[in-house]
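Chain and residue survey
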Amino acid sequence: MDKDFLPVEIRCSPEKGKNMNLTGSPRKLKDTAADVFNTLHRWTDLNKDGRNAMNEIANIKLDIILSKEAASEETVSHSNSFPTSLEPLCQQLAEIYKKMEKCVNKLEGFAQIMENLHQLESYRNSKSEETLSPMFLTWHTAHFVEATQEVFKSYKKELSLKKMIIENVCHATDRNTMMFYIAAWIHQPYITDNATLLVESMLTETGHRGC
Amino acid sequence: MAKAAISSRLEVIIQDDITGAQRSYLGPREITLLNLPLGSFICVVTPTTDYICSLWPSKERNDSIIYSRTVCRQKALDKNDSKYSLKPLHVSEGKCIHIEVICNLSDIARFRKYEKLNKKISRICSNCLYKMCVAENFVVDLSNCKLASLCGISKILIKRIPSGSSVKVDAEAFIVSSHTEIVVDNIQSKEKFNQVSKPARKLIGGLDELVQTLQDLIKLPFDHQEQFQQLGTSPPHGILLRGPPGCGKTTLVKDIANNCNAYLITVNGPEVIGPHPGESEDNLRRVFHQAIMAAEEGPCILFIDEVDVLCPKQGKSGGLEESRLTSQLLTLLDDLPADHRLIVIAATNRPSALHPSLRRPGRLDREIMINVPSMAQRREILYLHTQTLHLAEDVDLNCLAEITNGYVGADLAALCHEAGYLALGRFIVKQDETSERQIIHQDDFLTAFKNYRPSLQKGVEGIVDLKPVLWEQIGGLETVKQKIKQAVEWPLRHSEAFVRMGLPCPRGVLLYGPPGCSKTTLVRAAATACHATFLSLSGAQLYSPFVGDSEKMVSEVFQRARMAPPSIIFLDEIDSIVGKRSEGGHRGVQERVLSTLLNEMDGVGMKLDDKMDSQGSRRILEGSIQDAEHVSKVTTVRGSNLDILVVAATNRPELLDEALTRPGRLDRIIYVPPPDRQARFDILRLFTQKMPLESVDLNLLSSQTEFYTGADLENLCREAALNALTRDIKSTKVTYADFVKALYYNKASLTQEFVEKYSQYKSSTFDESSKNKERKVS
Amino acid sequence: MDISTSEETKLRGQLHKSFKAVKNCLSIWKEALAACRQPLDQVENLCEQHQCCSAANIEQSGIIKPFPDIRMRLLYKIDVELEEQLSRINVEMKKLENCCERIGKHCGYSMKSYHENSPYIPLDKVLEQTPTCPAISDMLEWLQQIERLVFQQYHCKKYFLEIFNPNNTEGTENLKDMWSSGDQELINTVEEYLSYTSFFLEEKIT
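Looking at an unreviewed UniProt entry, chain B carries the name AAA+ ATPase domain-containing protein, with the source organism given as Sinanodonta woodiana.

For chain A, the name recorded in an unreviewed UniProt entry is Cyclin-dependent kinase 2-interacting protein, with Sinanodonta woodiana as its organism.

Written as structure tokens, this is what we have:
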């Protein structure tokens, strides 16, 4: 393999199309990568559901906020800020959160698997005293570990943010704060570009994404 | 190139161009005459303005012309010709065009930021002007251009198109294309552009000296900022103009702004005040902000009219709102940037109502007084106002200026308008006399003068509608008349003679004598003769149930009199107004009025704010050259009660307080005696002038009417005439018998004893007043 | 139609081509505008989010203590999204620009053709209109008018994009209205002109 020319020619993962033949660590790695992707896909779906629920909450809350502003003099009783219609939505959000939590747990598991694979490979390589060769195209197992760890971390952080949002969204008192929560939910600020890029790279590396 | 004149029968329509497409629509006949292809650019020449438009056939194909006003050039006024014409233009593509951008004031800050990115703004302008045809000094109105209004550009002035920039040498106009380089020379605000491009007609007269002073004050900091910095002094921040309403404070500021090429922002005090709490302060801040923004662009004058509304003296009636506004104004004045090119001019006619801290140095530290115009100033103002009017030969502005005492500039303007209306009315009535041109005669002015009351005399106590009385209408009393003329008319009419002789002008004249001996009529005649402001006070007017009101009224009348000198204050029945100070008795209202009167006539001084420094104008009025030393001496002697004459009349002189009659106050004491025989004859002749008399010997009658006063004699004549009518309603003659009958019923109102009392008083006071008189005469 | 000179035929031929081009451009123009609608909605929405997030007083609540950099991150995400939507609009802008240029060129061609041939065409021919065919003068004027309108409209839109700033509330709140103001008028005007020329466009000019 002529490494010097590697960056020039974009090759497909050598394992592409040879799914059947893949065994051992590469096999496991590839499956895990696919699992990571699927989990993230699931997360995205959940996020979309959450977004709808959030929007509904926002509509209800904004109505209240607006009417409050209009009648600022009259004391609007506290209970009015939390109409019963909010309750099922909050319930829904809580369920979504639970599912998301599961996703993150899964991600943690995948990161662990990657770590284990990496250790196994290192152990093997140290025995054979060969230099570390890439698993598929360019990435060593260490890269995979790093990538999954990074993804896990950012989703974990995002999850804690979601928790905060779910807990507080119904208590927002002004429009700006309300909008802030929604934007934070939609745009998921802690899921970095880097994490997204890593997942894509991982998929390319393992041959899930064609070139 | 031959001009194709638009035939006169054409209908000319100016199009408010909604598309900004710079087009004109002509009938086919005109197009054939012009012999130009469609779409070519032509110049539509109208009496006042030139327009550049492209040539298109009119939709109706009729002989009318419609043109857009998008690209225009105002013609110089003197080159007015009332013809319309069309001019073909040599057009080529412009290579480089220098422009000036005129934008909204609010956008100017943004544009200044752009100035560093000049490219951007010139690109915007290039897009706005795309495919337009322009020439030097033309203004492109972009109010219909969407792109321009988005950017806040309202107009583009084509400053300069460098020669040689065109392909054709003789090109007169240039089309802007994408290759044309647009150079933005300057950016200025629409407000300033409009102000500068419309120079106001000079309408300020008689204040040349003041204008010069103010201009120096304003211009120096603008033009020589470096010198000020070198010297380390800071130019004046603010100027306070004060003076009675209508005397041209606002006009003066406008004129100066025009002369200094400064941007003027005018605020009326009351305008700023809003109904909501905090709104007024906000308005004020906004105005100052606007002014500071405009000042960045160039000299700027912020003119606050009626500043006393914004900044009233505290404690008088000041609510919280007012004191907040006051402090806001003070803060804004203090916070003005040190290197600003902004000058604040405030104007008020009630300087005494201003918060004193506004007038401390650093805020409004210069004070300039504008006074009621003097005669020479009035003449100048009248001259300015009558410039545009068609005057008849007989109009004598000098005479008008003389009689319009107390008129301010606004009054004079109104007078001219009024005269114009009168003339107009006359011409409408007799329309048949078309041959005579519509001109305004002196009579129109005089009628207007009679109808119009100067604003200074409106709403003041003591102003009377004076029925003019001529000296000739008063019979007899020649010596008294002479004395009064000397005491009243001379100081006012010939004050320069008094100055020449080093004579102090008399301040007061007391007329006394038995009732009905025409004291009042005499004063009236004097006032008529010298066109002075005539203020009259009587006891009935003065008494008010409120404590202090009467005294205030006296002061007010004096203040008014000082505002419009020369003036006469007439105190009829003065004994009833002031009376005599009793020995240790109770202090009544009369006494307080008396002390006010004494103070006003000859006090230590007066409130500085009420003072009118009229010496300067007085000198102009006199029109004679005097050495400065002399004048200063005179003015110190005369003090502040310059040109004010107090004339009092009474028939009970013994009731007057001695302090009133001492020299310096009512020092000319004139006895108006009951008419003697000769006088009675004169009076009778006057009253019987219009009566058809038959065999009535007035001489005999006058000898029979000893102790009859003028009023008695008037009554007598009336009675006689009535008697004649009683005799026979158809009677046409008044006979002697009628008079005898009247004499029988109407007894003389005076008696020997009564007259003697006056004579006694006369002799008793003679010693005192004679001393004074002698001093004066020598 | 009566006998036309060859010059007139040439000129009519050019006008024919030009109006065809205008017709073509109009449909492209409309499509481009339609394509802008969705990203514009997005931009408007994102701007609102941007402003609210900048203004939200979240520090006060203390809830976000664990997320010190949340505002920055969130704004970054929103800005990235904004960029994407704007670039989508810019793609459409390029199409509008092309239309502008094409119409401008055709306007130039037609005017040039008219100027070259006008000495040989009498004025009454230029002004002559038939039930099926508008006068040459009218068509030239329309072309110029269309060019002007399209140019202005394009540059207005461009200006909006240039001054676009998500922080500026005034500029973004009614961005869509401002952006599309005048669009309908422009389309109506051009369509009106095209309807006048519809028979003319169907004619075969030899």
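After that view, the rundown keeps rolling.
It is worth spelling out the overall build of chain B at this point. On a plain count of helices and strands, chain B comes out with 31 helices and 27 strands. Here chain B holds 778 residues, and the buried ones make up 40% of them. Sequence separation of at least 24 residues holds for 82% of the intrachain contacts in chain B that already meet a minimum separation of 6.

A few words on the overall build of chain A. For chain A, the count of helices and strands is five helices and zero strands. Order of helices (α) and strands (β) in chain A, N terminus to C terminus: α-α-α-α-α. Looking at chain A as a whole, 29% of its 211 residues qualify as buried. Pairs at least 24 apart in sequence give 85% of the contacts found in chain A among residues at least 6 apart.

What follows concerns the environment of E95(A). Residue and element names in this part refer to chain A. With respect to the element layout, E95 can be found in helix 2 (residues 86-128). By the C-beta count within 10 Å, which is 14 here, E95 ends up partly exposed. With 49 residues separating them along the chain, E95 and L46 place their C-alpha atoms 9.8 Å apart.

On to the interface of chain B and chain C. Counting residues at the interface gives 19 residues for chain B, matched by 18 residues for chain C. Elements supplying a minimum of two residues to the side of chain B that touches chain C: helix 1 (28-34), strand 5 (49-57) and helix 4 (146-151) of chain B. Looking at the side of chain B that touches chain C, the element that brings in the most residues is helix 4 of chain B, giving four residues. Considering only residue class, the side of chain B that touches chain C consists of twelve nonpolar, four polar and three charged.

Let us look at the pairing of strand 4 (residues 41-45) of chain B. Residue and element names in this part refer to chain B. Burial runs high along strand 4: five of the five residues are buried. Of the two faces of strand 4, the one lined by F41, C43 and V45 and the one lined by I42 and V44 are each fully buried. Two successive antiparallel strands, strand 4 and strand 5, enclose a turn made up of three residues. Bridge count for strand 4 against strand 8 (residues 85-88) is four bridges, and the pairing is antiparallel. Within strand 8, the position partnered with I42 by the bridge is P88.

The next thing to look at is the sheet that holds strand 20 (residues 366-369) of chain B. All names here are of chain B. Spatial ordering of the open sheet is given by 17-18-19-16-20, a layout of five strands whose pairing is parallel. Because the sheet does not close on itself, it has two edges, and the strands there are strand 17 (263-268) and strand 20. Taken over all neighbouring pairs, the strand axes of this sheet differ in orientation by 20° on average, direction set aside. On the sheet, helix 8 (residues 249-259) packs against strand 16 (238-242), strand 17, strand 18 (300-305) and strand 19 (342-348) and is oriented at approximately 175° with respect to strand 18.

What follows is about the interface of chain C and chain A. Contacts between the two partners involve 17 residues from chain C and, on the opposite side, 14 residues from chain A. Listed by contribution, the elements that provide at least two residues to the side of chain C that touches chain A are helix 1 (6-55) and helix 3 (70-117) of chain C. In terms of residue class, the side of chain C that touches chain A is made up of twelve nonpolar, two polar and three charged.

Turning to helix 3 (residues 118-128) of chain B, a few remarks are in order. Every buried residue of helix 3 of chain B is listed here: I121(B), I124(B), C125(B), N127(B) and C128(B). What you see down the axis of helix 3 of chain B is that its buried residues fit within an arc of 160°, all on one side.

Another point: the packing of helix 1 of chain C against helix 8 (residues 183-196) of chain C. Residue and element names in this part refer to chain C. Across the interface, helix 1 lies against helix 8 with an axial gap of 11 Å and an inter-helix angle of 155°. By the criterion of interaxial angle, the relationship of helix 1 to helix 8 is roughly antiparallel. The two elements helix 1 and helix 8 cross, and the hand of that crossing is left-handed. Contacts between helix 1 and helix 8 pair F19, V22, K23, L26, K30 and L33 from the former with D183, I187, V190 and L194 from the latter.

Before going further, it helps to spend a moment on the packing of helix 29 (residues 710-727) of chain B against helix 30 (residues 736-745) of chain B. Residues and elements named next belong to chain B. Close contact between helix 29 and helix 30 brings their axes to 8 Å; oriented N to C, the two are set at 125°. It follows that helix 29 is oblique to helix 30 by the angle criterion. Crossing angle aside, the handedness with which helix 29 passes helix 30 is right-handed. Contacts from L716, E719, A720, N723 and A724 in helix 29 reach D738, F739, K741, A742, L743 and Y745 in helix 30. For the contact of helix 29 with helix 30, the per-class residue count stands at seven nonpolar, one polar and three charged.

What follows is about the sheet that holds strand 9 (residues 91-93) of chain B. All names here are of chain B. Taken together, the three strands give an open sheet; going across it, the order is 9-14-11, and neighbouring strands pair in mixed fashion. The sheet terminates laterally at strand 9 and strand 11 (133-134), the two strands that pair on one side only. With three bridges joining them, strand 9 and strand 14 (residues 173-175) adopt parallel strand pairing. Note on strand 14: the bridge partner recorded for V91 is A173.

Right, let's get into unusual backbone geometry. All names here are of chain B. Phi at K131 is positive, roughly 65°, even though this residue is not glycine. When you line up the elements, K131 lands in the loop between helix 3 and strand 11. At E306, a residue that is not glycine, the phi angle is positive and equals roughly 50°. With respect to the helices and strands, E306 occurs in the loop between strand 18 and helix 11 (307-310). C-beta crowding within 10 Å serves as the criterion here: with 20 such atoms nearby, E306 is assigned to the buried category.

I52(B), V134(B) and I156(B) are the most contacted members of the largest nonpolar core, which totals 135 residues. The biggest single contributor to this core is helix 1 of chain C, with 14 residues. Core analysis: the second largest hydrophobic core is formed by 65 residues, V480(B), C517(B), A525(B) and F558(B) among them.

With that settled, the discussion passes to the pairing of strand 23 (residues 567-571) of chain B. All names here are of chain B. Of all five residues in strand 23, five are buried; the element is thus mostly enclosed. Neither face of strand 23 is open: one carries S567, I569 and L571, the other I568 and F570, and all of them are buried. Here strand 22 (residues 533-537) runs beside strand 23; their pairing, made up of five bridges, is parallel. What sits directly across from S536, in strand 23, is F570. Of the pairings in the sheet, the one linking strand 23 to strand 24 (residues 644-650) comprises five bridges and is parallel in character. Within strand 24, the residue paired with I569 across the bridge is V646.

For helix 27 (residues 677-687) of chain B, every residue scored as buried is listed here: A679(B), R680(B), F681(B), D682(B), I683(B), L684(B) and F687(B). The inward-facing, buried residues of helix 27 of chain B contact helix 28 (698-704) and helix 29 of chain B.

A low pLDDT score tells you not to read the predicted coordinates there in detail. All names here are of chain A. For chain A, mean pLDDT is 79; residues scoring 70 or higher make up 79% of the total. Element-level pLDDT for chain A is lowest in helix 1 (residues 24-70), with a mean of 85, against a maximum mean of 87 in helix 3 (residues 141-168). Low confidence marks residues 1-8, where pLDDT is under 50. Its contacts with residues over four positions away, or in another chain, come to one contact.

Cut-offs and rules
Residues numbered from 1 in each chain as written. Chains lettered and ligands numbered in written order. Predicted model: local features only at pLDDT ≥ 70, side-chain atom pairs only at ≥ 80, totals over all residues. Helix = DSSP H or I, 4+ residues; strand = E, 2+ residues; numbered from the N terminus. Buried ≥ 20, exposed ≤ 12 C-beta atoms within 10 Å, placed from the backbone. Contact = placed C-beta atoms within 7 Å. Nonpolar A, V, L, I, M, F, W, Y, C, P; charged D, E, K, R; others polar. Pairing = 2+ DSSP bridges. Axes fitted to C-alpha atoms, helices over the stretch in contact; angles between N-to-C directions. Arc of directions from axis to C-beta. Parallel < 35°, antiparallel > 145°, perpendicular 65-115°, else oblique. Left-handed = near helix turned anticlockwise from the far one by under 90°. Core = buried A, V, L, I, M, F, W, Y, C linked by C-beta atoms within 7 Å. pLDDT = per-residue confidence, 0-100.

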